[in-house]
Amino acid sequence: MNDRVGDYVARLFAPEDEILMSLREEADRTGLPPISISADTGRLIQVLLTAISARRVLEVGTLGGYSAIWIARVLPHGGSLLSVELEPRHAEFAARYVRRAGLDAKVEIRVGRALDVLASLDGERFDAIFLDADKEPLPIYFEWALRLVRRGGLIIADNALWGGRVVDDRVDDDATRGIRELNRRMATDPRVAGILVPTHDGVAVGVIVQ
Ligand code: SAH
Ligand code: DHB
Ligand code: MG
């Protein structure tokens, strides 16, 4: 998709309010990495969560809380987002913006390594998981997702196109290999019905079918 068409979609379907704009501005100014999801990805996730009436969502990789705010805004009264973040500085920034957005009753940010937190959640049930942290362990996160998300629920992963590196034969690093393997499983694992939506940096979506 070229920039003009992408801008058209984002401006029509995913306008940012003052809180999201201010979050991105302050994140840039204070040196948080500029790797939040795009607004159109945020809107895509909202539509998907709304379609399955999601109440309980798990996010892996909070950063400054930008995606968490998109997600929490479509959760019903009593719904919740648990978001996992390794870096205390990111978690503190995110908690401040979640509060500003009036979403602190719905969002819990847990500081820790994703693998540890996922293991600690064994036995719990979520309607959807959003994978947006480190890329090398994505195949392991995918297996946890199948344990933690209910049938009919969603596995959603950002960066499925990885700036085009997934199709560049010269690229063979651990992160790219992790993303390629996640995409392969989303495409072929009989336990999910998957697709890669080429929004922004690519969003892989799988519905758990068994
Ligand atoms: N979802 C966010 C962007 C996440 S960027 C948004 O769209 O707003 C990736 C985040 O994952 C970073 O904040 C990074 O610190 C965190 N991260 C990286 N490896 C991690 C791990 N093993 N466990 C938990 N968080 C991790
Ligand atoms: C990067 C981008 C992401 O969206 C992410 O979740 C992790 C890393 C990156 O460009 O390095
Ligand atoms: Mg990402």
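Cut-offs used in this document
Residues numbered from 1 in each chain as written. Chains lettered and ligands numbered in written order. Predicted model: local features only at pLDDT ≥ 70, side-chain atom pairs only at ≥ 80, totals over all residues. Heavy atoms only, no water. Near = heavy atom within 4 Å. Polar contact = N/O pair within 3.5 Å; in protein donor to acceptor, adjacent residues only side chain to side chain. Areas by Shrake-Rupley, 256 points an atom, 1.4 Å probe, with all protein chains shown as cover. Donors = N, O, S within 2.8 Å, 3.2 Å for Na, K, Ca; no water. Buried < 20%, exposed > 50% of the residue type's maximum accessible area, 1.4 Å probe, protein only. Helix = DSSP H or I, 4+ residues; strand = E, 2+ residues; numbered from the N terminus. Expected span 1.5 Å × (residues − 1). Arc of directions from axis to C-beta. Contact = heavy atoms within 4.5 Å. Phe/Tyr/Trp six-rings, centres within 6.5 Å; stacked < 30°, edge-to-face > 60°. Lys NZ or Arg CZ within 6 Å of the ring centre and 35° of its normal. Pairing = 2+ DSSP bridges. Axes fitted to C-alpha atoms, helices over the stretch in contact; angles between N-to-C directions. Parallel < 35°, antiparallel > 145°, perpendicular 65-115°, else oblique. Left-handed = near helix turned anticlockwise from the far one by under 90°. Nonpolar A, V, L, I, M, F, W, Y, C, P; charged D, E, K, R; others polar.

Caption draft 1: Just the site of ligand 1, in detail. What surrounds ligand 1 is a group of 20 residues, the closest being Ile-37, Gly-61, Glu-85, His-90 and Asp-132. The backbone of Leu-63 places a nitrogen or oxygen atom 3.5 Å from an oxygen atom of ligand 1. A distance of 3.2 Å is found between a nitrogen atom of ligand 1 and a side-chain nitrogen or oxygen belonging to Asp-134. Coverage of ligand 1 by the protein amounts to 90% of the 580 Å² it exposes when considered alone.

Caption draft 2: Structural context of the coordination of the magnesium ion (ligand 3). Donor atoms from the polypeptide that bind the magnesium ion (ligand 3) are Asp-132 (OD), Asp-158 (OD) and Asn-159 (OD1), placed at 1.9 to 2.2 Å. When the donors of the magnesium ion (ligand 3) are listed by position in the chain, the intervening gaps give D-x25-D-N. The residues Asp-158 and Asn-159 share a single accessibility class, namely buried.

Caption draft 3: Here's a closer look at helix H8 (residues 174-188). Its 15 residues place the ends of H8 21 Å apart at the C-alpha level, agreeing with the 21 Å of an ideal helix rising 1.5 Å per residue. If you check which residues of H8 are buried, you get Ala-175, Thr-176, Gly-178, Ile-179, Leu-182, Asn-183 and Met-186. An end-on view of H8 places all buried positions within 160° of arc, on one side of the element. On the buried face of H8, the contacting elements are helix H7 (138-148), strand S5 (149-158), strand S6 (192-197) and strand S7 (203-208). Of the residues that open H8, the one with a side-chain oxygen 3.2 Å from the backbone nitrogen of Ala-175 is Asp-173.

Caption draft 4: Fine view of the packing of aromatic side chains. Applying the stated rule across the entire model yields two aromatic pairs. Between Phe-93 and Tyr-97, the aromatic rings sit 5.2 Å apart at their centres with planes inclined by 25°, giving stacked as the arrangement. Of this pair, Phe-93 and Tyr-97 are both found in helix H5 (residues 88-100), four residues apart, which corresponds to roughly one turn of the helix. Judged by relative accessible area, Phe-93 falls into the buried class, the value being 5%. On the basis of relative accessible area, Tyr-97 is assigned to the buried category, the value being 0%. Over the ring of Phe-126 we find Arg-56, and its NZ or CZ is 4.3 Å from the ring centre.

Caption draft 5: Fine view of the sheet that holds S7. Ordered by their spatial adjacency, seven strands build an open sheet running S3-S2-S1-S4-S5-S7-S6, and the pairing between neighbours is mixed. At either margin of the open sheet sits one strand with a lone partner, and together these are strand S3 (107-111) and S6. The sheet shows a mean angle of 15° between the axes of neighbouring strands, taken without regard to direction. Sheet topology places strand S1 (residues 56-60) next to strand S4 (residues 126-131); four bridges connect them, and they run parallel. Bridge pairing links Val-60 to Leu-131 in S4. Packed on one face of the sheet, H5 meets strand S2 (80-85) and S3 and runs near 170° to S3.

Caption draft 6: Inspection of the packing of helix H2 (residues 18-29) against H5 at higher detail. Packing of H2 against H5 brings their axes to within 10 Å, and their N-to-C directions diverge by 160°. Our classification of the angle between H2 and H5 gives roughly antiparallel. Considering how the two elements wind past one another, H2 and H5 form a crossing that is right-handed. Taken together, the residues of H5 that come into contact with H2 (itself represented by Glu-18, Ile-19, Ser-22, Leu-23, Glu-26 and Ala-27) are Phe-93, Arg-96, Tyr-97 and Arg-100. Per-class residue counts for the contact of H2 with H5 are five nonpolar, one polar and four charged.

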